[in-house]
Amino acid sequence: MGPLNKICLALCILITPVVIFTGSLRVAHAQSDLILSGIIVGVETDEEERLTKFAISDSSGVVTSFEVASTTQYGLENQAGDRWVSNQLDDPVEAARRLRDHRRRFAPVTVSISDGVANSVVERYEGKLETNLGYLFSAFTVTWALFFGYVFYISRKQRVLHHEIARLKNSSE
Amino acid sequence: MKKAINSADLLLVLTSALMALTLWLVFMWVPTETNQGSVQRILYLHVPIAWGSMMGIIIVAGSSVMYLWKRKQIWDRLAVSSAEVGVVFGGLMLLSGVIWARPVWSVWWTGEAKLTTALILFFVYVAYLMFRAYFPPGAQRQRLSAIIGLVGAIDTPIIYFAANLWSQAHPPTITGPVANENSALGSDLGTVLLAATITFTFLFIYLVQCRYKVRTAEDMIVNLKRSQAVTMTGL
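Residues numbered from 1 in each chain as written. Chains lettered and ligands numbered in written order. Predicted model: local features only at pLDDT ≥ 70, side-chain atom pairs only at ≥ 80, totals over all residues.

Undergrad: When you look at the overall build of chain A in this model, what are you seeing that I'm missing?
TA: Helices and strands together make up the secondary structure of chain A, namely 3 helices and 6 strands. Put simply, chain A runs from its N terminus to its C terminus through helices and strands in the order α-β-β-β-β-α-β-β-α. Across chain A, every contact between residues at least 6 apart in sequence was considered, and the portion connecting residues at least 24 apart equals 51%. (Helix = DSSP H or I, 4+ residues; strand = E, 2+ residues; numbered from the N terminus. Contact = placed C-beta atoms within 7 Å.)

Here you go:
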(Lines give C-alpha, C1' and ligand atoms only; values in the text may rest on other atoms or scores of the structure.)
Protein backbone atom coordinates (compact mmCIF):
# COMPACT_ATOMS: atom_id res chain seq x y z
CA MET A 1 0.00 0.00 0.00
CA GLY A 2 1.56 3.30 -1.11
CA PRO A 3 1.82 6.46 1.02
CA LEU A 4 -1.03 8.15 -0.87
CA ASN A 5 -3.29 5.18 -0.17
CA LYS A 6 -2.34 5.28 3.50
CA ILE A 7 -3.09 9.02 3.73
CA CYS A 8 -6.46 8.59 2.00
CA LEU A 9 -7.46 5.68 4.19
CA ALA A 10 -6.32 7.47 7.34
CA LEU A 11 -8.34 10.55 6.34
CA CYS A 12 -11.41 8.43 5.58
CA ILE A 13 -11.10 6.62 8.89
CA LEU A 14 -10.81 9.92 10.72
CA ILE A 15 -13.44 11.84 8.79
CA THR A 16 -16.14 9.16 8.49
CA PRO A 17 -16.87 8.67 12.23
CA VAL A 18 -16.67 12.43 12.81
CA VAL A 19 -19.21 13.13 10.04
CA ILE A 20 -21.48 10.29 11.16
CA PHE A 21 -21.32 11.40 14.79
CA THR A 22 -21.77 15.15 14.17
CA GLY A 23 -24.39 14.39 11.53
CA SER A 24 -26.38 12.28 13.97
CA LEU A 25 -26.13 15.07 16.53
CA ARG A 26 -27.35 17.55 13.93
CA VAL A 27 -30.24 15.28 13.02
CA ALA A 28 -31.03 14.85 16.71
CA HIS A 29 -31.00 18.63 17.12
CA ALA A 30 -33.26 19.05 14.09
CA GLN A 31 -35.62 16.59 15.71
CA SER A 32 -35.68 18.53 18.92
CA ASP A 33 -39.03 20.09 17.89
CA LEU A 34 -41.76 19.15 20.32
CA ILE A 35 -43.42 15.92 19.27
CA LEU A 36 -46.89 14.98 20.38
CA SER A 37 -49.05 11.97 19.58
CA GLY A 38 -52.77 11.66 20.13
CA ILE A 39 -56.28 11.49 18.71
CA ILE A 40 -57.74 14.30 16.60
CA VAL A 41 -60.53 15.99 18.55
CA GLY A 42 -61.13 19.13 16.51
CA VAL A 43 -60.67 20.39 12.98
CA GLU A 44 -61.27 24.00 11.94
CA THR A 45 -61.54 25.22 8.38
CA ASP A 46 -62.17 28.53 6.63
CA GLU A 47 -65.16 29.24 4.39
CA GLU A 48 -63.45 27.44 1.50
CA GLU A 49 -63.02 24.31 3.62
CA ARG A 50 -59.24 24.81 3.92
CA LEU A 51 -57.65 23.56 7.11
CA THR A 52 -56.71 26.36 9.49
CA LYS A 53 -56.43 24.71 12.89
CA PHE A 54 -56.78 21.34 14.56
CA ALA A 55 -56.54 19.88 18.05
CA ILE A 56 -55.40 16.56 19.46
CA SER A 57 -55.95 14.84 22.77
CA ASP A 58 -52.90 12.95 24.08
CA SER A 59 -52.91 9.76 26.18
CA SER A 60 -53.50 11.74 29.39
CA GLY A 61 -56.49 13.55 27.93
CA VAL A 62 -54.75 16.90 27.54
CA VAL A 63 -56.08 18.74 24.49
CA THR A 64 -53.62 20.84 22.49
CA SER A 65 -54.51 22.91 19.45
CA PHE A 66 -52.20 23.79 16.61
CA GLU A 67 -52.03 26.37 13.88
CA VAL A 68 -50.96 25.22 10.45
CA ALA A 69 -48.55 27.01 8.12
CA SER A 70 -48.11 26.76 4.36
CA THR A 71 -45.06 24.55 5.02
CA THR A 72 -46.93 22.04 7.21
CA GLN A 73 -46.45 18.57 5.79
CA TYR A 74 -48.83 15.65 5.94
CA GLY A 75 -48.32 11.90 5.72
CA LEU A 76 -51.65 10.31 6.55
CA GLU A 77 -53.10 6.92 5.75
CA ASN A 78 -56.71 6.09 4.99
CA GLN A 79 -58.52 3.08 6.39
CA ALA A 80 -57.11 0.85 3.67
CA GLY A 81 -53.55 1.86 4.59
CA ASP A 82 -52.86 4.00 1.50
CA ARG A 83 -50.64 6.91 2.47
CA TRP A 84 -51.37 10.44 1.32
CA VAL A 85 -48.34 12.72 1.37
CA SER A 86 -48.73 16.45 0.73
CA ASN A 87 -48.44 19.84 2.37
CA GLN A 88 -50.71 22.69 3.43
CA LEU A 89 -49.82 24.84 0.43
CA ASP A 90 -50.71 22.17 -2.12
CA ASP A 91 -53.88 20.68 -0.68
CA PRO A 92 -55.36 22.31 2.46
CA VAL A 93 -58.88 21.01 1.69
CA GLU A 94 -57.73 17.39 1.47
CA ALA A 95 -55.74 17.90 4.70
CA ALA A 96 -58.93 18.92 6.51
CA ARG A 97 -60.83 15.98 5.04
CA ARG A 98 -58.07 13.52 6.06
CA LEU A 99 -57.90 14.86 9.60
CA ARG A 100 -61.70 14.61 9.95
CA ASP A 101 -61.44 11.02 8.72
CA HIS A 102 -58.83 10.36 11.40
CA ARG A 103 -61.08 11.93 14.03
CA ARG A 104 -63.99 9.72 12.95
CA ARG A 105 -61.82 6.58 13.12
CA PHE A 106 -59.96 7.60 16.32
CA ALA A 107 -56.74 7.01 14.37
CA PRO A 108 -53.74 8.42 16.25
CA VAL A 109 -51.35 10.91 14.65
CA THR A 110 -47.96 12.34 15.55
CA VAL A 111 -47.47 16.10 15.29
CA SER A 112 -44.12 17.86 15.36
CA ILE A 113 -44.45 21.44 16.56
CA SER A 114 -42.25 24.48 16.76
CA ASP A 115 -43.53 27.82 18.12
CA GLY A 116 -47.10 26.51 18.27
CA VAL A 117 -47.17 25.75 14.56
CA ALA A 118 -47.42 22.19 13.30
CA ASN A 119 -44.43 21.27 11.10
CA SER A 120 -45.72 17.85 10.20
CA VAL A 121 -48.75 15.69 10.86
CA VAL A 122 -48.18 12.01 10.21
CA GLU A 123 -49.46 8.59 11.24
CA ARG A 124 -48.36 7.86 14.77
CA TYR A 125 -44.78 6.59 14.86
CA GLU A 126 -44.43 3.04 16.08
CA GLY A 127 -41.47 3.82 18.24
CA LYS A 128 -39.79 6.83 19.76
CA LEU A 129 -37.95 9.09 17.35
CA GLU A 130 -35.01 9.29 19.74
CA THR A 131 -34.66 5.50 19.61
CA ASN A 132 -34.74 5.59 15.82
CA LEU A 133 -31.59 7.69 15.83
CA GLY A 134 -29.80 4.76 17.41
CA TYR A 135 -30.76 2.64 14.38
CA LEU A 136 -29.50 5.32 11.99
CA PHE A 137 -26.21 5.66 13.86
CA SER A 138 -25.70 1.88 14.10
CA ALA A 139 -26.45 1.27 10.41
CA PHE A 140 -23.84 3.79 9.26
CA THR A 141 -21.25 2.89 11.89
CA VAL A 142 -21.45 -0.86 11.38
CA THR A 143 -21.36 -0.54 7.58
CA TRP A 144 -18.36 1.77 7.46
CA ALA A 145 -16.50 -0.17 10.16
CA LEU A 146 -16.94 -3.36 8.13
CA PHE A 147 -15.81 -1.67 4.91
CA PHE A 148 -12.68 -0.31 6.57
CA GLY A 149 -12.07 -3.70 8.19
CA TYR A 150 -12.27 -5.34 4.77
CA VAL A 151 -9.86 -2.81 3.24
CA PHE A 152 -7.38 -3.51 6.05
CA TYR A 153 -7.81 -7.25 5.56
CA ILE A 154 -7.04 -6.93 1.83
CA SER A 155 -4.06 -4.59 2.29
CA ARG A 156 -2.59 -6.87 4.97
CA LYS A 157 -3.06 -9.91 2.75
CA GLN A 158 -1.43 -8.01 -0.13
CA ARG A 159 1.62 -7.23 2.03
CA VAL A 160 1.98 -10.84 3.21
CA LEU A 161 1.72 -12.11 -0.37
CA HIS A 162 4.34 -9.65 -1.63
CA HIS A 163 6.74 -10.82 1.09
CA GLU A 164 6.04 -14.42 0.12
CA ILE A 165 6.70 -13.67 -3.56
CA ALA A 166 9.97 -11.93 -2.68
CA ARG A 167 10.98 -14.89 -0.50
CA LEU A 168 10.21 -17.42 -3.21
CA LYS A 169 12.06 -15.39 -5.84
CA ASN A 170 15.12 -15.13 -3.57
CA SER A 171 15.10 -18.82 -2.76
CA SER A 172 14.89 -19.77 -6.45
CA GLU A 173 17.88 -17.61 -7.37
CA MET B 1 12.85 9.18 -8.65
CA LYS B 2 9.37 10.34 -7.88
CA LYS B 3 6.81 7.55 -8.13
CA ALA B 4 4.03 8.27 -10.61
CA ILE B 5 0.48 8.23 -9.32
CA ASN B 6 -1.27 5.24 -10.85
CA SER B 7 -4.94 4.75 -11.66
CA ALA B 8 -5.54 2.79 -8.44
CA ASP B 9 -4.34 5.74 -6.35
CA LEU B 10 -6.54 8.12 -8.33
CA LEU B 11 -9.49 5.81 -7.83
CA LEU B 12 -8.88 5.77 -4.08
CA VAL B 13 -8.62 9.57 -3.91
CA LEU B 14 -11.81 9.94 -5.94
CA THR B 15 -13.66 7.34 -3.83
CA SER B 16 -12.55 9.02 -0.58
CA ALA B 17 -13.66 12.45 -1.80
CA LEU B 18 -17.02 11.09 -2.94
CA MET B 19 -17.44 9.25 0.35
CA ALA B 20 -16.91 12.48 2.32
CA LEU B 21 -19.29 14.37 0.01
CA THR B 22 -21.98 11.70 0.32
CA LEU B 23 -21.78 11.66 4.13
CA TRP B 24 -22.08 15.44 4.13
CA LEU B 25 -25.10 15.30 1.82
CA VAL B 26 -26.78 12.58 3.87
CA PHE B 27 -26.29 14.14 7.29
CA MET B 28 -26.07 17.87 6.62
CA TRP B 29 -27.84 18.69 3.38
CA VAL B 30 -30.81 16.46 2.58
CA PRO B 31 -34.09 17.34 4.33
CA THR B 32 -35.60 14.85 6.76
CA GLU B 33 -38.30 12.73 5.15
CA THR B 34 -41.75 13.38 6.63
CA ASN B 35 -43.12 9.90 7.09
CA GLN B 36 -40.23 7.93 8.53
CA GLY B 37 -38.19 10.76 10.02
CA SER B 38 -34.42 10.56 10.32
CA VAL B 39 -34.19 6.81 10.11
CA GLN B 40 -35.09 7.11 6.40
CA ARG B 41 -31.47 8.25 5.85
CA ILE B 42 -30.52 4.56 5.96
CA LEU B 43 -31.95 4.51 2.41
CA TYR B 44 -28.80 6.29 1.16
CA LEU B 45 -26.75 3.41 2.49
CA HIS B 46 -29.03 0.45 1.92
CA VAL B 47 -29.99 1.05 -1.73
CA PRO B 48 -26.44 1.78 -3.03
CA ILE B 49 -25.08 -1.26 -1.16
CA ALA B 50 -27.86 -3.40 -2.63
CA TRP B 51 -26.95 -1.99 -6.06
CA GLY B 52 -23.31 -2.97 -5.41
CA SER B 53 -24.22 -6.51 -4.44
CA MET B 54 -26.32 -6.96 -7.58
CA MET B 55 -23.60 -5.38 -9.72
CA GLY B 56 -21.20 -7.91 -8.18
CA ILE B 57 -23.13 -10.97 -9.30
CA ILE B 58 -23.63 -9.46 -12.77
CA ILE B 59 -19.84 -9.01 -13.06
CA VAL B 60 -19.34 -12.58 -11.79
CA ALA B 61 -21.75 -13.83 -14.45
CA GLY B 62 -20.21 -11.69 -17.23
CA SER B 63 -16.68 -12.75 -16.28
CA SER B 64 -17.79 -16.37 -16.06
CA VAL B 65 -19.17 -16.23 -19.61
CA MET B 66 -15.92 -14.67 -20.79
CA TYR B 67 -13.89 -17.34 -18.96
CA LEU B 68 -15.93 -20.19 -20.43
CA TRP B 69 -15.51 -18.64 -23.86
CA LYS B 70 -11.88 -17.45 -23.82
CA ARG B 71 -10.41 -19.61 -20.99
CA LYS B 72 -8.23 -16.71 -19.86
CA GLN B 73 -7.18 -16.40 -16.22
CA ILE B 74 -8.03 -12.70 -16.01
CA TRP B 75 -11.76 -13.47 -16.29
CA ASP B 76 -11.58 -16.09 -13.58
CA ARG B 77 -9.68 -13.68 -11.32
CA LEU B 78 -12.19 -10.91 -12.00
CA ALA B 79 -15.10 -13.27 -11.21
CA VAL B 80 -13.66 -14.43 -7.89
CA SER B 81 -12.64 -10.87 -6.89
CA SER B 82 -16.10 -9.57 -7.72
CA ALA B 83 -17.71 -12.44 -5.80
CA GLU B 84 -15.70 -11.70 -2.66
CA VAL B 85 -16.52 -7.98 -2.74
CA GLY B 86 -20.10 -8.93 -3.64
CA VAL B 87 -20.46 -11.08 -0.54
CA VAL B 88 -19.34 -8.11 1.60
CA PHE B 89 -21.89 -5.85 -0.11
CA GLY B 90 -24.55 -8.57 0.10
CA GLY B 91 -23.98 -9.07 3.83
CA LEU B 92 -24.11 -5.34 4.46
CA MET B 93 -27.27 -5.02 2.35
CA LEU B 94 -28.97 -7.55 4.63
CA LEU B 95 -27.55 -5.97 7.77
CA SER B 96 -28.56 -2.41 6.88
CA GLY B 97 -31.99 -3.68 5.79
CA VAL B 98 -32.51 -5.49 9.08
CA ILE B 99 -31.51 -2.39 11.08
CA TRP B 100 -33.88 -0.26 9.01
CA ALA B 101 -36.78 -2.72 9.17
CA ARG B 102 -36.94 -2.73 12.97
CA PRO B 103 -38.06 0.90 13.52
CA VAL B 104 -40.14 1.08 10.33
CA TRP B 105 -41.90 -2.32 10.26
CA SER B 106 -41.46 -3.19 13.96
CA VAL B 107 -39.78 -6.48 13.00
CA TRP B 108 -36.18 -7.31 12.14
CA TRP B 109 -37.11 -9.63 9.29
CA THR B 110 -40.12 -10.87 7.34
CA GLY B 111 -40.20 -13.75 4.90
CA GLU B 112 -41.40 -11.65 1.97
CA ALA B 113 -40.20 -11.96 -1.62
CA LYS B 114 -37.68 -9.09 -1.84
CA LEU B 115 -35.94 -10.01 1.41
CA THR B 116 -35.91 -13.72 0.67
CA THR B 117 -34.47 -13.29 -2.84
CA ALA B 118 -31.81 -10.92 -1.42
CA LEU B 119 -30.91 -13.56 1.17
CA ILE B 120 -30.68 -16.13 -1.64
CA LEU B 121 -28.22 -13.83 -3.45
CA PHE B 122 -26.05 -13.74 -0.32
CA PHE B 123 -26.14 -17.55 -0.15
CA VAL B 124 -25.22 -17.75 -3.85
CA TYR B 125 -22.11 -15.69 -3.13
CA VAL B 126 -21.26 -17.84 -0.10
CA ALA B 127 -21.79 -21.05 -2.11
CA TYR B 128 -19.58 -19.72 -4.92
CA LEU B 129 -16.75 -18.80 -2.53
CA MET B 130 -17.07 -22.04 -0.54
CA PHE B 131 -16.85 -24.02 -3.76
CA ARG B 132 -13.73 -22.06 -4.73
CA ALA B 133 -12.20 -22.66 -1.30
CA TYR B 134 -12.83 -26.40 -1.03
CA PHE B 135 -12.69 -27.74 -4.60
CA PRO B 136 -9.16 -28.75 -5.71
CA PRO B 137 -7.50 -25.99 -7.80
CA GLY B 138 -7.47 -26.36 -11.56
CA ALA B 139 -9.43 -25.84 -14.74
CA GLN B 140 -12.37 -27.91 -13.50
CA ARG B 141 -12.83 -25.71 -10.43
CA GLN B 142 -12.77 -22.59 -12.58
CA ARG B 143 -15.24 -24.07 -15.06
CA LEU B 144 -17.69 -25.27 -12.42
CA SER B 145 -17.50 -22.06 -10.39
CA ALA B 146 -18.20 -20.10 -13.59
CA ILE B 147 -21.37 -22.16 -14.02
CA ILE B 148 -22.38 -21.48 -10.37
CA GLY B 149 -21.83 -17.75 -10.97
CA LEU B 150 -23.97 -17.82 -14.09
CA VAL B 151 -26.81 -19.70 -12.40
CA GLY B 152 -26.61 -17.38 -9.37
CA ALA B 153 -27.07 -14.30 -11.53
CA ILE B 154 -30.61 -15.44 -12.38
CA ASP B 155 -31.56 -14.15 -8.92
CA THR B 156 -30.70 -10.53 -9.84
CA PRO B 157 -33.76 -9.65 -11.98
CA ILE B 158 -35.98 -11.50 -9.49
CA ILE B 159 -34.69 -9.26 -6.67
CA TYR B 160 -35.19 -6.14 -8.78
CA PHE B 161 -38.78 -6.95 -9.75
CA ALA B 162 -39.76 -8.72 -6.49
CA ALA B 163 -41.34 -5.73 -4.75
CA ASN B 164 -43.40 -4.90 -7.85
CA LEU B 165 -44.42 -8.48 -8.55
CA TRP B 166 -45.38 -9.39 -4.99
CA SER B 167 -46.62 -6.23 -3.31
CA GLN B 168 -45.72 -6.65 0.36
CA ALA B 169 -44.06 -4.60 3.12
CA HIS B 170 -40.96 -3.65 1.09
CA PRO B 171 -41.61 -0.44 -0.87
CA PRO B 172 -41.83 -0.76 -4.67
CA THR B 173 -38.81 -0.07 -6.88
CA ILE B 174 -37.84 3.62 -6.80
CA THR B 175 -35.09 3.63 -9.42
CA GLY B 176 -34.61 2.13 -12.86
CA PRO B 177 -36.97 1.25 -15.68
CA VAL B 178 -39.84 -0.12 -13.57
CA ALA B 179 -39.74 2.57 -10.88
CA ASN B 180 -43.15 3.39 -9.52
CA GLU B 181 -43.92 7.08 -10.20
CA ASN B 182 -45.98 7.43 -7.02
CA SER B 183 -43.15 6.20 -4.85
CA ALA B 184 -40.38 8.09 -6.66
CA LEU B 185 -38.19 10.27 -4.45
CA GLY B 186 -38.30 14.04 -4.55
CA SER B 187 -35.51 15.92 -6.28
CA ASP B 188 -33.32 16.47 -3.16
CA LEU B 189 -33.70 12.93 -1.91
CA GLY B 190 -33.18 11.57 -5.41
CA THR B 191 -30.01 13.64 -5.87
CA VAL B 192 -28.50 12.30 -2.65
CA LEU B 193 -29.45 8.74 -3.56
CA LEU B 194 -27.77 9.18 -6.95
CA ALA B 195 -24.62 10.61 -5.32
CA ALA B 196 -24.51 7.74 -2.82
CA THR B 197 -24.96 5.18 -5.61
CA ILE B 198 -22.08 6.69 -7.58
CA THR B 199 -19.89 6.68 -4.44
CA PHE B 200 -20.60 3.03 -3.67
CA THR B 201 -20.03 2.10 -7.31
CA PHE B 202 -16.55 3.64 -7.08
CA LEU B 203 -15.97 1.91 -3.74
CA PHE B 204 -17.00 -1.38 -5.32
CA ILE B 205 -14.60 -0.89 -8.26
CA TYR B 206 -11.77 0.08 -5.87
CA LEU B 207 -12.30 -2.99 -3.70
CA VAL B 208 -12.52 -5.30 -6.71
CA GLN B 209 -9.25 -3.99 -8.13
CA CYS B 210 -7.56 -4.46 -4.70
CA ARG B 211 -8.89 -8.01 -4.49
CA TYR B 212 -7.85 -8.64 -8.10
CA LYS B 213 -4.26 -7.70 -7.20
CA VAL B 214 -4.36 -10.13 -4.27
CA ARG B 215 -5.69 -12.86 -6.55
CA THR B 216 -2.92 -12.17 -9.08
CA ALA B 217 -0.29 -12.39 -6.31
CA GLU B 218 -1.80 -15.67 -5.08
CA ASP B 219 -1.61 -17.12 -8.60
CA MET B 220 1.98 -15.91 -8.90
CA ILE B 221 2.90 -17.72 -5.66
CA VAL B 222 1.31 -20.95 -6.90
CA ASN B 223 3.29 -20.67 -10.17
CA LEU B 224 6.55 -19.91 -8.36
CA LYS B 225 6.07 -22.87 -6.03
CA ARG B 226 5.24 -25.09 -8.98
CA SER B 227 8.33 -24.00 -10.91
CA GLN B 228 10.49 -24.54 -7.81
CA ALA B 229 9.07 -28.02 -7.40
CA VAL B 230 9.81 -28.79 -11.06
CA THR B 231 13.39 -27.53 -10.65
CA MET B 232 13.88 -29.64 -7.52
CA THR B 233 12.45 -32.75 -9.24
CA GLY B 234 14.78 -32.08 -12.16
CA LEU B 235 17.73 -32.04 -9.78
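Undergrad: Please clarify how the packing of helix α4 (residues 113-134) of chain B against helix α5 (residues 139-152) of chain B should be interpreted in this entry.
TA: All names here are of chain B. Following both chains from N to C, one finds α4 and α5 inclined at 180°, their axes separated by 10 Å at the closest point. Judged by the inter-axis angle, α4 sits roughly antiparallel to α5. Across the interface between the two elements, Val 124, Ala 127, Tyr 128, Phe 131 and Arg 132 from α4 touch Arg 141, Leu 144, Ser 145, Ile 148, Gly 149 and Gly 152 from α5. (Axes fitted to C-alpha atoms, helices over the stretch in contact; angles between N-to-C directions. Parallel < 35°, antiparallel > 145°, perpendicular 65-115°, else oblique.)

Undergrad: Honestly, the pairing of strand β3 (residues 63-77) of chain A in this entry has me stumped. Any pointers?
TA: The side chains of a regular strand alternate between both faces of the sheet. Residues and elements named next belong to chain A. Two strands pair when backbone bridges link them, and strand β2 (residues 51-57) and β3 are joined in this way by 5 bridges, in the antiparallel orientation. In the strand pairing of β3, Phe 54 is matched with Phe 66. Note: β3 against strand β6 (residues 117-123), 5 bridges, orientation parallel. From the neighbouring strand, Gln 73 faces β6, where its bridge partner is Ser 120. Pairing analysis gives 5 bridges linking β3 to strand β4 (residues 83-87), with the strands arranged antiparallel. (Pairing = 2+ DSSP bridges.)

Undergrad: When you look at the packing of helix α3 (residues 73-105) of chain B against α4(B) in this model, what are you seeing that I'm missing?
TA: The packing of two helices is summarised by the inter-axis angle and the distance between the axes. All names here are of chain B. Their axes nearest at 9 Å, the elements α3 and α4 cross at an angle of 145°. Read as a crossing pair, α3 and α4 show a hand that is left-handed. Facing α3, whose interface residues are Val 80, Ala 83, Glu 84, Gly 86, Val 87, Gly 90, Gly 91, Met 93, Leu 94 and Gly 97, α4 presents Leu 115, Ala 118, Leu 119, Leu 121, Phe 122, Tyr 125, Val 126, Tyr 128, Leu 129 and Arg 132. Grouping the constituent residues of the contact of α3 with α4 by class yields 14 nonpolar, 4 polar and 2 charged. (Left-handed = near helix turned anticlockwise from the far one by under 90°. Nonpolar A, V, L, I, M, F, W, Y, C, P; charged D, E, K, R; others polar.)

Undergrad: Just to check I follow, could you spell out the nonpolar core for this structure?
TA: In a soluble, globular protein the nonpolar side chains are often hidden away together inside. Core analysis: the largest hydrophobic core is formed by 69 residues, its most contacted members being Ala139(A), Ile42(B), Ala79(B), Trp100(B) and Phe204(B). Mapped onto this core, the elements with two or more residues apiece are α3 (129-172) of chain A together with α1 (7-29), α2 (43-70), α3, α4, α5, α6 (155-165) and α7 (187-234) of chain B. Per-element accounting of this core gives the leading share, 16 residues, to α3(B). Ignoring sequence-local partners within four residues, the contact set of Ala139(A) consists of Ile42(B), Leu45(B), Ser96(B), Ile99(B) and Trp100(B). Of all hydrophobic cores here, the second largest spans 15 residues; its members include Phe54(A), Ile56(A), Val68(A) and Val111(A). (Core = buried A, V, L, I, M, F, W, Y, C linked by C-beta atoms within 7 Å. Buried ≥ 20, exposed ≤ 12 C-beta atoms within 10 Å, placed from the backbone.)

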